[in-house]
Amino acid sequence: MSGGGLLVAGTTSDAGKSVVTAGICRWLVRQGVKVAPFKAQNMSLNSFVTREGAEIGRAQAMQAQACRVEPTALMNPVLLKPGGEQSSQVVLLGKPVGELSARGYHGGRQQQLLGTVLDCLAELRGTYDAVICEGAGSPAEINLRRTDIVNMGIARNAGLPVLVVGDIDRGGVFASFFGTVALLSPEDQALVAGFLVNKFRGDVSLLEPGLDMLHGLTGRRTYGVLPFRHGLGIDEEDGLRVSLRGTVRESNTAPPVGQDVLRVAVCAVPLMSNFTDVDALAAEPGVVVRFVDRAEELADADLVVVPGTRGTVRALEWLRERGLADALVRRAAEQRPVLGICGGFQILGEHIEDEVESRQGHVEGLGVLPVRVRFAREKTLTRPVGEALGEHVEGYEIHHGVATIGGGEPFLDGVRVGQTWGTHWHGSLESDGFRRAFLREVAAAAGRRFVPAPDTSFAALREEQLDRLGDLIEQHADTDALWRLIESGAPQGLPFIPPGAPA
């Protein structure tokens, strides 16, 4: 017998689908329910490597952690990694299968993947008591409905009830809820059970008349009103959609242990991937992490991070255009700390041979690390374990570039020269002992009286965050009604709201 299921859809991108899905998962697992997350198709440059060497979206890895299960490729069978405005790398069941334009993908390839997606969902539902699925964007994107495999396409084929999440902090949530339902076909509307309001500030009693009117207009109830809470976003999927200049990564509010704070500047390169690497730095009391795009913003930074990117050569050109490349070279010469991760590591090397990603052939790097990079068609997807600065380190690798190192000191399968460090390892800073040792080196080189907190556990902070999401659902949603949805499906006899989807 298949387990229960629910699709968490949203009125827009960034309505809170990922967070709500994780919260429902954590609430369920605390009730003793064996639960798994699922997202049929994900577009994200923030990805993760499972233990079997499959690449999936980081949000699904975090949702698996909320479920207290190991993430697998079944939980995110299709991952799209944008490589520009018009094309994406398609990752199927954890492995790259090629590049496609948006028109090529939506024009036929997407629909071909429906069978694979449904098979993965069926396998999860056969193994778990419940599978909480996350949609993408809005289910009312009528131009894409014919080939949809992630919203109503998967809901109708798998018979899933649908909960629509709306971000009230943006405004227009009642119109968004009503319009979402009214733009669906009668068959799709029959699966939309109701709504969940997210990010509400204020007195809920003032909202209730509107929810009553919405129920009268649509015949669908609201399953909860979640209050606005800072610091609850799990690993972003579509990148930061706002300008990154001056954006401060949410940080630990505790005061620094030492006398100084430590300032970290992250170069906001194009197609930035796995910028969640710096979350572990932001979790340290006294560490301030900012995204920057101007050379002058590096001047007062104690550490500059050049992060991963899906477009190494494009990012290198961007750094040069903005004067950031020259600033990085000067920093390295002055023995001021610089850390390059994955694509950032490749950029800091001597030269790049790329016939795969940019197809630009030979490109000169910044030349601050003795590294030569050749892009291979086969992608490296591993979960390495090692040691650095006398501490145990775990990470994960996702890259086409193969590095040949010609000197310097070994550092996490990469290299260190003076105070410039480079590695392909994502996630290394989540290893607490290593992060503290690294920050002590950075502080000493920067002349800062910064002392890492002795007891910061990044894993424990993640668990606390997931528990807070579970608390939101438990305290502010009608959990009995949610469980009935998961177990029994959408209520019968839900009314049709005209006009419905265009013919």
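Only a predicted model underlies this, so the values are computations on that prediction, with no experimental measurement involved.

Enquirer: Could you give me a rundown of the overall build of the protein, with the residues and numbers involved?
Expert: In terms of regular secondary structure, the protein is built from 15 helices and 27 strands. Projected onto its principal axes, the C-alpha coordinates of the protein cover approximately 70 × 50 × 40 Å. Here the protein, with 503 residues, has 58% of them falling under the buried criterion. For the protein, the computed accessible surface area is about 19700 Å², with 50% contributed by carbon and sulfur atoms. Charged side chains in the protein number 50 positive and 62 negative. The centres of these two groups are separated by 2 Å.

Enquirer: Can you tell me about the nonpolar core, naming the residues and giving the values?
Expert: Counting residues in hydrophobic clusters, the biggest one holds 65 residues, and the most contacted among them are Leu281, Val305, Leu319 and Leu339. Counting 46 residues, the second-largest nonpolar core is a separate cluster that includes Ala36, Phe38, Val117 and Ile497.

Enquirer: An account of the packing of aromatic side chains is requested, with residue identities and associated values reported.
Expert: Enumeration according to the criterion identifies 7 aromatic pairs in this entry. Between Phe411 and Trp421, the aromatic rings sit 5.1 Å apart at their centres with planes inclined by 65 degrees, giving edge-to-face as the arrangement. Taken together, the residues span a long stretch of sequence, with Phe411 in strand β25 (residues 409–411) and Trp421 in strand β27 (residues 420–423) at a distance of 10 residues. Accessibility assignment for this pair places Phe411 and Trp421 in one class, buried. With centroids separated by 6.1 Å and ring planes inclined at 35 degrees, the aromatic side chains of Phe411 and Phe434 adopt a geometry described as tilted. Here Phe411 is found in strand β25, whereas its partner Phe434 is found in helix α13 (residues 432–446), with 23 residues between them in sequence. Judged by relative accessible area, Phe411 falls into the buried class, the value being 5%. Judged by its relative accessible area of 1%, Phe434 is buried. A connected cluster of aromatic rings, assembled from ring pairs, spans Phe411, Trp421, Phe434 and Phe438. The ring of Phe228 has Arg201 sitting right over it, with the charged end atom 3.7 Å from the ring centre.

Enquirer: Break down the confidence of the model for the protein for me, with residues and values.
Expert: Counting all residues, the mean pLDDT for the protein is 91, and 93% of those residues have values of 70 or more. Low pLDDT, under 50, characterises residues 237–245; the stretch is placed with 24 contacts to residues that sit more than four places away or in other chains.

Enquirer: Would you mind going over the packing of helix α1 (residues 17–30) against helix α14 (residues 458–476) in detail, with residue names and values included?
Expert: As a packed pair, α1 and α14 sit with axes 7 Å apart at the nearest point and diverge in direction by 85 degrees. With respect to α14, the element α1 is oriented roughly perpendicular. Residue-level inspection shows Val19, Val20, Ala22, Gly23, Ile24, Arg26, Trp27 and Arg30 of α1 in contact with α14, the latter providing Glu463, Leu466, Asp467, Leu469, Gly470, Asp471, Ile473 and Glu474. A class-by-class count of the residues in the contact of α1 with α14 yields 8 nonpolar, 2 polar and 6 charged.

Enquirer: Break down the pattern of salt bridges for me, citing the residues and quoting the values.
Expert: Applying the stated criterion across every chain, the model contains 26 salt bridges. Residue Arg170 is joined to Asp14 by a salt bridge in which the shortest nitrogen-to-oxygen separation is 3.6 Å. You can see Arg170 sitting in the loop between β10 (162–167) and α6 (173–182) and its partner Asp14 sitting in the loop between β1 (4–10) and α1, a full 156 residues away along the chain. Given a relative accessible area of 39%, Asp14 falls into the partly exposed group. For the salt bridge of Asp302 with Arg448, the shortest nitrogen-to-oxygen distance reads 2.7 Å. Residue Asp302 is found in the loop between β15 (287–292) and β16 (303–306), and its partner Arg448 is found in the loop between α13 and α14; the two are separated by 146 residues along the sequence.

Enquirer: Describe the environment of Ile405, listing the residues and the values that go with them.
Expert: Examined against the element boundaries, Ile405 turns out to sit in strand β24 (residues 397–405). What makes Ile405 partly exposed here is its relative accessible area of 33%. The sequence separation of Ile405 and Pro370 amounts to 35 residues, and the corresponding C-alpha distance is 5.9 Å.

Enquirer: I'd like to hear about the sheet that holds strand β8 (residues 95–101), residue by residue, with values.
Expert: Taken in spatial order, the 4 strands make up an open sheet running β3-β6-β7-β8, and their pairing is mixed. In this open sheet, the two edge strands, each paired with only one partner strand, are β3 (41–43) and β8. Ignoring strand direction, the axes of neighbouring strands in this sheet form an average angle of 25 degrees.

Enquirer: Can you lay out the environment of Trp27 for me, pointing to particular residues and giving the numbers?
Expert: Topologically, Trp27 is positioned in helix α1. Residues Trp27 and Arg468, 441 residues apart in the sequence, show an inter-C-alpha distance of 9.7 Å. Those residues in contact with Trp27, other than ones at most four positions away along the chain, are Gly470, Ile473, Glu474, Thr479, Leu482, Trp483 and Ile486.

Enquirer: Residues and numbers for α13, please.
Expert: Here α13 contains 15 residues, and its C-alpha end-to-end distance of 21 Å stays within 8% of the 21 Å for a straight helix at 1.5 Å per residue. Within α13, the full set of buried residues consists of Asp432, Phe434, Arg435, Arg436, Ala437, Phe438, Leu439, Val442 and Ala443. Gly447 occupies a position one or two residues after α13 and carries a positive phi of about 70 degrees.

Conventions we followed
- Residues numbered from 1 in each chain as written.
- Predicted model: local features only at pLDDT ≥ 70, side-chain atom pairs only at ≥ 80, totals over all residues.
- Heavy atoms only, no water.
- Helix = DSSP H or I, 4+ residues; strand = E, 2+ residues; numbered from the N terminus.
- Buried < 20%, exposed > 50% of the residue type's maximum accessible area, 1.4 Å probe, protein only.
- Areas by Shrake-Rupley, 256 points an atom, 1.4 Å probe, with all protein chains shown as cover.
- Lys, Arg positive; Asp, Glu negative; His and termini not counted.
- Charge placed at Lys NZ, Arg CZ, Asp CG, Glu CD.
- Core = buried A, V, L, I, M, F, W, Y, C linked by side-chain atoms within 4.5 Å.
- Phe/Tyr/Trp six-rings, centres within 6.5 Å; stacked < 30°, edge-to-face > 60°.
- Lys NZ or Arg CZ within 6 Å of the ring centre and 35° of its normal.
- pLDDT = per-residue confidence, 0-100.
- Contact = heavy atoms within 4.5 Å.
- Axes fitted to C-alpha atoms, helices over the stretch in contact; angles between N-to-C directions.
- Parallel < 35°, antiparallel > 145°, perpendicular 65-115°, else oblique.
- Nonpolar A, V, L, I, M, F, W, Y, C, P; charged D, E, K, R; others polar.
- Salt bridge = Lys/Arg side-chain N within 4 Å of Asp/Glu carboxyl O.
- Pairing = 2+ DSSP bridges.
- Expected span 1.5 Å × (residues − 1).

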